[in-house]
Amino acid sequence: MTKADIVERVYEKVGFSKKESAEIVEAVFDNMKEILERGEKIKISGFGNFIVRDKKPRVGRNPQTGEEIEICARRVLTFRPSQVLKNIING
Amino acid sequence: MLKSDLVQVLVEERKVTQKQAEIAVETIFEAMRDALRGGENIEIRGFGAFHVKDYKGYRGRNPKTGEVIPVEPKKGVLFRTGKELRERINSPMRAAEEAAAKVLDEDTPVRPDLRIVSGDD
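Residues numbered from 1 in each chain as written. Chains lettered and ligands numbered in written order. Predicted model: local features only at pLDDT ≥ 70, side-chain atom pairs only at ≥ 80, totals over all residues. Heavy atoms only, no water.

## Brief notes about the domain arrangement of chain A
Residues and elements named next belong to chain A.
Phase 1: Taken domain by domain, chain A holds domain 1 (1-38) and domain 2 (40-91).
Phase 2: Relative to domain 2, the C-alpha centre of domain 1 lies at a distance of 24 Å.
Phase 3: Summing both partners gives a buried area of about 570 Å² for domain 1 against domain 2, and 67% of it is carried by carbon and sulfur.
Phase 4: When residues of domain 1 are sorted by the area they lose upon contact with domain 2, Met32, Leu36 and Arg38 head the list and together hold 79% of the total.
Phase 5: Across the pair Glu40 and Arg38 runs a salt bridge whose closest N-O atoms are separated by 2.8 Å.
Phase 6: Here domain 1 is connected to domain 2 by 2 residue pairs in polar contact (both at pLDDT 80 or more). (Domains from an automatic or database assignment. Buried area = accessible area lost by both parts, 1.4 Å probe. Salt bridge = Lys/Arg side-chain N within 4 Å of Asp/Glu carboxyl O. Polar contact = N/O pair within 3.5 Å; in protein donor to acceptor, adjacent residues only side chain to side chain.)

## What to know about the packing of helix α2 (residues 18-37) of chain A against helix α2 (residues 18-37) of chain B
Phase 1: In contact at an axis separation of 10 Å, α2 of chain A and α2 of chain B are set at 80° when each is read in the N-to-C sense. Of the possible angle classes, the one that applies to α2 of chain A and α2 of chain B is roughly perpendicular. Listed contacts from α2 of chain B to Ile24, Val25, Val28, Phe29 and Met32 of chain A of α2 of chain A are Ala24, Val25, Ile28, Phe29 and Met32 of chain B.
Phase 2: Residues belonging to the contact of α2 of chain A with α2 of chain B are distributed by class as follows: 10 nonpolar, no polar and no charged. (Axes fitted to C-alpha atoms, helices over the stretch in contact; angles between N-to-C directions. Helix = DSSP H or I, 4+ residues; strand = E, 2+ residues; numbered from the N terminus. Parallel < 35°, antiparallel > 145°, perpendicular 65-115°, else oblique. Contact = heavy atoms within 4.5 Å. Nonpolar A, V, L, I, M, F, W, Y, C, P; charged D, E, K, R; others polar.)

## Side note on the pattern of salt bridges
Phase 1: On inspection of all chains with the given rule, the structure shows 20 salt bridges over all chains.
Phase 2: Arg14 of chain B serves as the salt-bridge partner of Glu23 of chain A, at 2.6 Å between the closest nitrogen and oxygen. One end of the pair, Glu23 of chain A, is in helix α2; the other, Arg14 of chain B, is in helix α1 (residues 3-14), on a second chain.
Phase 3: Overall, the relative accessible area of 28% leaves Glu23 of chain A in the partly exposed class.
Phase 4: Salt-bridge contacts for Arg37 of chain B lead to Asp34 of chain B; the nearest nitrogen and oxygen are separated by 2.9 Å. Of the two residues, Arg37 of chain B and Asp34 of chain B are both situated in helix α2; the distance of 3 residues between them amounts to about one turn of the helix.
Phase 5: Linked through salt bridges whose partners overlap, the residues forming this network are Arg9 and Lys13 of chain A together with Glu30, Asp34 and Arg37 of chain B. (Buried < 20%, exposed > 50% of the residue type's maximum accessible area, 1.4 Å probe, protein only.)

## Observations concerning the sheet that holds strand β5 (residues 74-81) of chain B
Residues and elements named next belong to chain B.
Phase 1: Ordered in space as β1-β2-β5, the 3 strands form an open sheet in which the pairing is antiparallel. A strand with exactly one partner marks an edge of an open sheet, and here the two such strands are β1 (42-44) and β5. For this sheet, the mean angle separating the axes of adjacent strands, direction not counted, is 20°.
Phase 2: With 8 bridges joining them, strand β2 (residues 48-55) and β5 adopt antiparallel strand pairing. (Pairing = 2+ DSSP bridges.)

## Some details on the packing of helix α1 (residues 3-14) of chain A against α2 of chain A
Residues and elements named next belong to chain A.
Phase 1: Contact geometry of α1 with α2 gives a least axis separation of 9 Å together with a crossing angle of 120°. In terms of orientation, α1 and α2 fall into the oblique class. Judged by the twist between their axes, the crossing of α1 over α2 is right-handed. Together, Lys3, Ile6, Val7, Glu8, Val10 and Tyr11 of α1 and Lys18, Ser21, Ala22, Val25, Glu26 and Phe29 of α2 make up the contact between the two elements.
Phase 2: Taken together, the residues of the contact of α1 with α2 sort by class into 7 nonpolar, 1 polar and 4 charged. (Left-handed = near helix turned anticlockwise from the far one by under 90°.)

Encoded structure:
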């Protein structure tokens, strides 16, 4: 599934034009990106939570050469599927 | 931020009614749920990709009693952040890191009056 398939569903369901549907879907993902970029979390009931986590620096290793390298502190996004979603995919 | 906040932004920025915005947001996540239910992967360019992973069953143990419990095979959802979003999320961190480097010990409250001054002047 890609964004185009999601646009199609919104188009069928909401009654906007194709163009408007595409813009709406785009706007929702853009908005989510902005929220996450600010470091805030997003909770979507019935789907899951997107959480931005701060990772501390740690020593990693190049698996090919065994060489040790410092992995900098960074910020990563994690997704935790909700219980509802877990049940759906296992249903 | 909740689903309702995403709805609100649509109402304010896209000139749609509350009801339309609610249906649109709900439909987006419903479409994604349906895809994952069918074992289909989802790729949203610039945002990320979701895929369904099969986990094998195994013989687990109750850590308290040591009792052996069979864990059934199950499916889980994995998410991988897209390149654009990964970079956008990580970039404020670099700025923060540089700021933190100036503070000697982050567990100690910053006391401007106790800053170490260079002896040059």
